[in-house]
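# Fold and geometry: a report
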Amino acid sequence: MHATHIGIDQISFYTANFYLDLAILAKRNQIDIGKYHFGIGQEKMSVAPHDEDVVTLGANAALPIIEKTGKENITGLFFATETGIDQSKSAGVYVHRLLNLNSNCRVVELKQACYSATAALHMACALVARNPNDKILVIAADIARYDLNSAAEPTQGCGAVAMLISQNPRILSIDPQVGNYTEDVMDFWRPNYRKTALVDGKFSTDMYLKAVCHAWQNYQNISPLQWQDFQHFCYHLPFSRMGVKAHRHLCAYNQQNLSEAQLERQLNAGLLYNRVIGNSYTAALYISLVSLLDNHPDDLTGRNIGLCSYGSGCVAEFFRAVVMPDYRQQLFTQSHQKMLAAREALDYDQYLAMWHYPDPQTGEAVENPLANQARFRLAGIDGHQRRYQG
Ligand code: HMG
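Okay, so let's go over this structure.

## Re the pattern of salt bridges
- One pass over the structure, following the stated rule, counts 13 salt bridges.
- Asp175 is paired through a salt bridge with Arg320; the nearest N and O atoms lie 2.7 Å apart. In this pair, Asp175 sits in strand β8 (residues 172-182) while Arg320 sits in strand β13 (residues 315-323), placing the two residues 145 residues apart along the sequence. You'll find Asp175 and Arg320 in the same group, each marked buried.

And the structure:
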């Protein structure tokens, strides 16, 4: 460990207030529910109502951090998303206003499929290394949407995570050493004119495994740490079973036999939130990290977590986080679990109505038919300008 730590001082996540139980989708699509529950490892997927977008998801994720720590010394807001709401203006600038952050704060949006939150995290750590009194807010927010009746439909979802990056972090120290892999492939993409992603499903899972393995190989060249030095692992989770597959793949590559008990100890607590949220693209890896910290029965102080990021197209990265003493006192565990339990179940017709609801256009107010209780919501668009409430 370094003398001076830089990393995650606070971490909070948020998802929409509505979900579809995948048992309903399985019945409707005449699929054996075992395929969803065990084959892809998903039970529910969060569904974003039309007054929720990446701005509201991100602001709702970050609010508890700002309420707890204040906005002092926050000199940057990096917003990672692939569900952008404007080709020019960063979603982060709207969040900056909703959270009433300081005007001397640099704001930018980053994109590379599900990977960009990892770039944002390391850029934030690098800036704190340069100016140790600075704090940077990293927000990752996305809404994963695929075509109805497609194989990808049950892997939809949405969510956001907010992380405050600082010196002497109270939750996780982040190492500067990373292993990278980039290759230009078309496994998943969304052209500007499409609302849903295009995906070559089988190829995307193969690319994911290939890319994370190359990222780990690259990590081995720059770090003295071995596979056995890590006690826990978090992966990008398009669906929770993908994390299990990736972990088995990397264990096999490192010639480690993985028993069920080891799988439970090393991985499973990190899968719990994703199972009931679905894919949240850029946020998914970091929601898995929160899930591990919130749900693992052990005190994880001093343990090494291997973080494995993947974004289609594709970029992968492997790096280490070390858990700080007393981290549990900093977590929002109870409010995370309360939020998930308070979500409202949709029936199939309500899900379909939300899925088909057209993107709001200028001059339109955005309805709130299901009484979305989110603190921040999109209220309408006037003169081509988005109007937020909260
Ligand atoms: P599919 O092709 O319909 O599923 O969709 P399948 O037939 O391969 O079945 C899935 C698994 O369920 C298989 O197990 C089956 O055996 C099993 P596996 O061979 O994988 O071990 N199964 C059952 N198990 C128990 N009981 C049953 C049963 N029936 C079957 N009755 C696919 C799967 C992932 C392709 C689809 O959901 C998809 O296209 N999803 C979207 C793409 C995706 O998530 N790709 C993941 C890697 S790419 C990535 O992570 C990046 C991404 O997040 C985007 C970004 O970076 O921005 C997507």
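Additional details are given in the paragraphs that follow.
## So, the site of the ligand
- Residues in contact with the ligand amount to 27 residues; listed here are only the nearest, Lys35, Glu82, Cys114, His236 and Lys245.
- Note that a nitrogen atom of the ligand is positioned 3.4 Å from one of the side-chain N or O atoms of Asp32.
- Here the ligand loses 71% of its free accessible area of 1,100 Å² to cover by the protein chains.
- If you map the ligand onto the pockets, it falls in the second largest pocket.
- Of all the elements in the fold, those that place two or more residues in the shell around the ligand are α2 (33-40), α6 (201-222), α7 (240-253) and β12 (304-311).
- Of all the elements, α6 adds the most residues to the shell around the ligand, at four residues.
- Its residues placed into classes, the shell around the ligand shows 12 nonpolar, 10 polar and five charged.

## Some words on the nonpolar core
- Core analysis: the largest hydrophobic core is formed by 86 residues, its most contacted members being Leu137, Val161, Ile165, Leu289, Leu293 and Ile305.
- In terms of residues, this core owes the most to one element, helix α3 (residues 54-69), which gives nine residues.
- Ignoring anything within four residues of it in the chain, the contact list for Val161 reads Ile11, Ser12, Phe13, Ala61, Val138, Ile139, Ala140, Ala283, Tyr286, Ile287 and Val290.

## Comments concerning the packing of α6 against α7
- Two elements in contact, α6 and α7, have axes whose closest approach is 10 Å; the angle formed by their N-to-C orientations is 45°. One element, α6, and the other, α7, form an angle in the oblique class. For the crossing formed where α6 meets α7, the hand is right-handed. Taking contact as the criterion, the partners of Thr205, Tyr208, Leu209, Val212, Cys213, Trp216, Gln217 and Gln220 in α6 are, on α7, Met242, Lys245, Ala246, His249, Leu250 and Tyr253.
- Of the residues contributing to the contact of α6 with α7, the split by class is nine nonpolar, four polar and one charged.

## Some details on the pairing of strand β2 (residues 18-21)
- Note: β2 against strand β3 (residues 44-47), four bridges, orientation antiparallel. Bridging across to β3, Asp21 finds its partner in Lys44.

## Brief notes about the side chain of His336
- Topologically, His336 is positioned in helix α11 (residues 333-341).
- Among the residues examined, His336 registers a relative accessible area of 2% and is labelled buried.

Quick notes on the rules
- Residues numbered from 1 in each chain as written.
- Predicted model: local features only at pLDDT ≥ 70, side-chain atom pairs only at ≥ 80, totals over all residues.
- Heavy atoms only, no water.
- Salt bridge = Lys/Arg side-chain N within 4 Å of Asp/Glu carboxyl O.
- Helix = DSSP H or I, 4+ residues; strand = E, 2+ residues; numbered from the N terminus.
- Buried < 20%, exposed > 50% of the residue type's maximum accessible area, 1.4 Å probe, protein only.
- Near = heavy atom within 4 Å.
- Polar contact = N/O pair within 3.5 Å; in protein donor to acceptor, adjacent residues only side chain to side chain.
- Areas by Shrake-Rupley, 256 points an atom, 1.4 Å probe, with all protein chains shown as cover.
- 1 Å grid on protein atoms, 1.4 Å probe; cavity = no way out; pocket = protein on both sides within 12 Å on 5 of 7 lines; lining within 4 Å.
- Sits in = over half its atoms within 2 Å of the grid points.
- Nonpolar A, V, L, I, M, F, W, Y, C, P; charged D, E, K, R; others polar.
- Core = buried A, V, L, I, M, F, W, Y, C linked by side-chain atoms within 4.5 Å.
- Contact = heavy atoms within 4.5 Å.
- Axes fitted to C-alpha atoms, helices over the stretch in contact; angles between N-to-C directions.
- Parallel < 35°, antiparallel > 145°, perpendicular 65-115°, else oblique.
- Left-handed = near helix turned anticlockwise from the far one by under 90°.
- Pairing = 2+ DSSP bridges.

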